[in-house]
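# Residue-level structure breakdown
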Amino acid sequence: MPHNQSYGYGQIQKQIQKFAMTQQMQQSIQILRYSTEDLAKYLKQKQLDNPFVSIKETMNYTGNSTDLSNAKVSQLDMVTNNKSQSLYDYLLSQVHLTMRKTNLRSWVIYLIGQLDENGYLKVDLEGLIRKTGVDYITMMDAMTLLQQLDPPGVGARSLKECLLLQIQNIENAPIEAQLIIENEFESLVEQDWDKIAADLSIDREKVLSVVEFIKRLTPAPGAAFEQENVGYVYPDLIIKKIPGTSDFNIKPTKKTKPLVVFKQDYYNKFATANEIEVKKFLKEKQKDFQELIRDIELRAETIVRVAEVIIERQHEFFEKGDKQLKPLLLRDVAQKLNLHESTISRAVNGKYLRCDSGVYELKYFFRRPVNSMEQDISVDTIKKHITVIVAAEDQQKPLSDVKIATKLEKVGIKISRRTVAKYREELKIGSSTQRKKI
């Protein structure tokens with residue numbers, strides 16, 4: 001953004017009017033990222049913050065069988081969660097599902113490995129460029145791609161850059177927020193509101209409003225991935241085949257759409273008060289409840305929409321219950337639903353579905369294509385074919401990698417001998433010499 005660009009009072013006023021909507025968007029993004037257990041914790045806190053909000057418990061975490069959207073769920077439906085996903089794994093999964101295997105992607109992965117526990121990029125890029133001889137533009141592009149991943153602010157080299165990245169990620173963010181961070185950062189740190197107001201030609205009250213927006217940003221986008229926990233995760237969705245058809249019914253569980261009610265009777269006790277501050281308080285809390293309901297509904301709706309695309313693409317998996325999955329990338333679902341890739345990433349991470357063959361995390365159904373030609377088959381499926389071919393071979397005359405590749409080609413899978421060797425080694429299958437039995 002050019003620093004010499006000027007903004008009239010009317011334009012600033014419009015941005016201030018959008019401020020409340022921007023705060024709401026932040027809460028919406030946060031709630032979508034939550035797992036069911038995290039959502040439950042968040043709602044308990046909301047219940048403490050808003051005296052008119054009541055969360056009706058529909059499920060506990062004791063491991064007992066509990067009604068779940070009219071479907072019985074036992075301990076067998078739960079998946080043990082021994083450790084929260086690390087920031088490194090979360091970012092790496094996004095890279096694998098959004099970027100092709102190129103030299104640039106390799107540098108993005110390298111930079112992910114250089115992040116500290118808060119998500120900041122601490123490596124000396126200029127020193128790295130001199131040491132490795134990598135092209136400057138390539139390194140800057142890699143850093144830019146890293147900074148476009150979720151959570152917003154990751155890959156920043158300073159607090160200032162971290163806040164700017166988050167602001168740029170929020171649609172309709174107050175333009176004053178970016179101006180304050182870019183041009184008045186020292187004054188912001190010193191809490192010199194009068195200087196900021198004078199420099200930006202806005203009144204002090206507006207400065208304080210924008211500062212409240214800035215305070216809602218996180219100074220440590222990676223910190224949420226540090227905590228370890230041991231417990232259970234519950235399915236967010238129940239997938240059932242509709243009898244007599246090839247279609248499936250998708251139903252959110254009660255933990256995905258918890259019952260949140262407004263304490264109207266309690267609210268009415270204060271509604272007749274004449275004090276301005278009381279009326280303002282009541283209005284704010286009622287609005288807070290309405291926004292919370294919308295965000296919970298949007299979260300459930302988004303997860304269901306993503307699941308619909310997954311079932312459409314991986315229909316054979318749900319139909320036959322086998323493990324053969326077709327290639328599916330985050331961007332495929334994003335384009336189908338006209339949403340941003342980061343939204344899809346939030347919707348699948350830590351969200352689970354239960355179908356006839358078990359409980360699976362939504363991101364399980366995403367698979368990279370086998371090569372740049374994007375054959376309609378995943379790496380996992382190819383490995384399964386290799387396992388079957390080796391299991392059926394003559395142990396006195398085991399097949400070479402070339403012959404395995406030839407057999408794969410006969411079933412429509414065209415890969416090189418080197419790729420066969422790579423997948424074979426990953427499967428812990430020895431070479432033809434090692435497999436030979438005399």
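These notes cover the structure that comes with them. (Residues numbered from 1 in each chain as written. Predicted model: local features only at pLDDT ≥ 70, side-chain atom pairs only at ≥ 80, totals over all residues. Heavy atoms only, no water.)

### What about the sheet that holds strand S7 (residues 248-252)?
- The sheet built from four strands is open, its strands ordered S7-S6-S9-S10 with mixed pairing. Each having just a single partner strand, S7 and strand S10 (358-361) make up the two edges of the open sheet. Neighbour to neighbour, the strand axes of the sheet diverge by 25 degrees on average, direction disregarded.
- Inspection of the sheet shows strand S6 (residues 237-241) paired to S7 by five bridges, in the antiparallel sense. (Pairing = 2+ DSSP bridges. Helix = DSSP H or I, 4+ residues; strand = E, 2+ residues; numbered from the N terminus. Axes fitted to C-alpha atoms, helices over the stretch in contact; angles between N-to-C directions.)

### Section: the packing of aromatic side chains
- This structure, assessed with the given rule, holds 19 aromatic pairs.
- An aromatic cluster is defined as three or more aromatic residues linked by ring pairs; in this entry it consists of Phe 52, Phe 262, Tyr 266, Tyr 267, Phe 270, Phe 281 and Phe 289. (Phe/Tyr/Trp six-rings, centres within 6.5 Å; stacked < 30°, edge-to-face > 60°.)

### Quick word on the environment of Lys 215
- In this structure, Lys 215 sits in helix H12 (residues 204-215).
- The exposure class of Lys 215 is exposed, given its relative accessible area of 58%.
- Along the sequence, Lys 215 and Leu 163 sit 52 residues apart, while their C-alpha atoms lie 9.8 Å from each other. (Buried < 20%, exposed > 50% of the residue type's maximum accessible area, 1.4 Å probe, protein only.)

### With respect to the pattern of salt bridges
- A complete count under the given rule lists 16 salt bridges for this structure.
- We note a salt bridge from Asp 199 to Lys 195, for which the minimum N-O separation is 2.7 Å. Pair noted here: Asp 199 and Lys 195 are both in helix H11 (residues 193-200), with a separation of four residues, about one helical turn.
- For the salt bridge of Lys 383 with Glu 426, the shortest nitrogen-to-oxygen distance reads 2.7 Å. Within this pair, whereas Lys 383 is found in helix H18 (residues 379-391), its partner Glu 426 is found in helix H20 (residues 417-426), the two being separated by 43 residues in sequence.
- Counted as one network, the salt bridges with shared partners bring together Arg 33, Asp 150 and Arg 346. (Salt bridge = Lys/Arg side-chain N within 4 Å of Asp/Glu carboxyl O.)

### Remarks on unusual backbone geometry
- For the bond running from Asp 150 to Pro 151, omega is 5 degrees, close enough to zero to count as cis.
- One non-glycine residue with positive phi stands out, namely Ser 201, at about 60 degrees.
- Within the secondary structure, Ser 201 is located in the loop between H11 and H12.
- The exposure class of Ser 201 is exposed, given its relative accessible area of 59%.
- One non-glycine residue with positive phi stands out, namely Lys 428, at about 65 degrees.
- By secondary structure assignment, the location of Lys 428 is in the loop between H20 and helix H21 (432-435).
- When its relative accessible area of 77% is taken as the criterion, Lys 428 is described as exposed.

### Quick notes on helix H8 (residues 159-169)
- For H8, every residue scored as buried is listed here: Glu 161, Cys 162, Leu 163, Leu 164, Leu 165, Gln 166 and Ile 167.
- The secondary structure elements touched by the buried residues of H8 are helix H7 (136-147), helix H9 (175-183), helix H10 (185-190) and H12. (Contact = heavy atoms within 4.5 Å.)

### Concerning the pairing of S6
- If you look at the hairpin formed by S6 and S7, you'll find six residues sitting between the two strands, and Gly 244 has a positive phi there, around 80 degrees.
- Note: S6 against strand S9 (residues 352-355), two bridges, orientation parallel. Residue pairing for S9: Ile 238 is matched across the bridge by Arg 354.

### Structural notes on the packing of helix H4 (residues 87-98) against helix H5 (residues 103-112)
- Two numbers describe how H4 lies on H5: the axes approach to 10 Å, and their chain directions differ by 170 degrees. Here H4 is positioned roughly antiparallel relative to H5, judged by the angle of their axes. Facing H4, whose interface residues are Tyr 88, Leu 91, Leu 92, Val 95 and His 96, H5 presents Arg 105, Val 108, Ile 109 and Ile 112.
- Of the residues that constitute the contact of H4 with H5, the class distribution is seven nonpolar, one polar and one charged. (Parallel < 35°, antiparallel > 145°, perpendicular 65-115°, else oblique. Nonpolar A, V, L, I, M, F, W, Y, C, P; charged D, E, K, R; others polar.)

### Observations regarding H4
- The first and last C-alpha atoms of H4 sit 17 Å apart over twelve residues, in line with the 16 Å expected at 1.5 Å per residue.
- All of the buried residues in H4 are Leu 87, Tyr 90, Leu 91, Leu 92, Ser 93, Gln 94, Val 95, Leu 97 and Thr 98.
- The inward-facing, buried residues of H4 abut H5, H7, helix H16 (330-337) and helix H17 (341-348). (Expected span 1.5 Å × (residues − 1).)

### Observations regarding the side chain of Arg 105
- Checked against the element boundaries, Arg 105 lands in helix H5.
- With near-sequence residues (within four places) excluded, Arg 105 lies in contact with Val 95, His 96, Met 99, Arg 100 and Arg 368.

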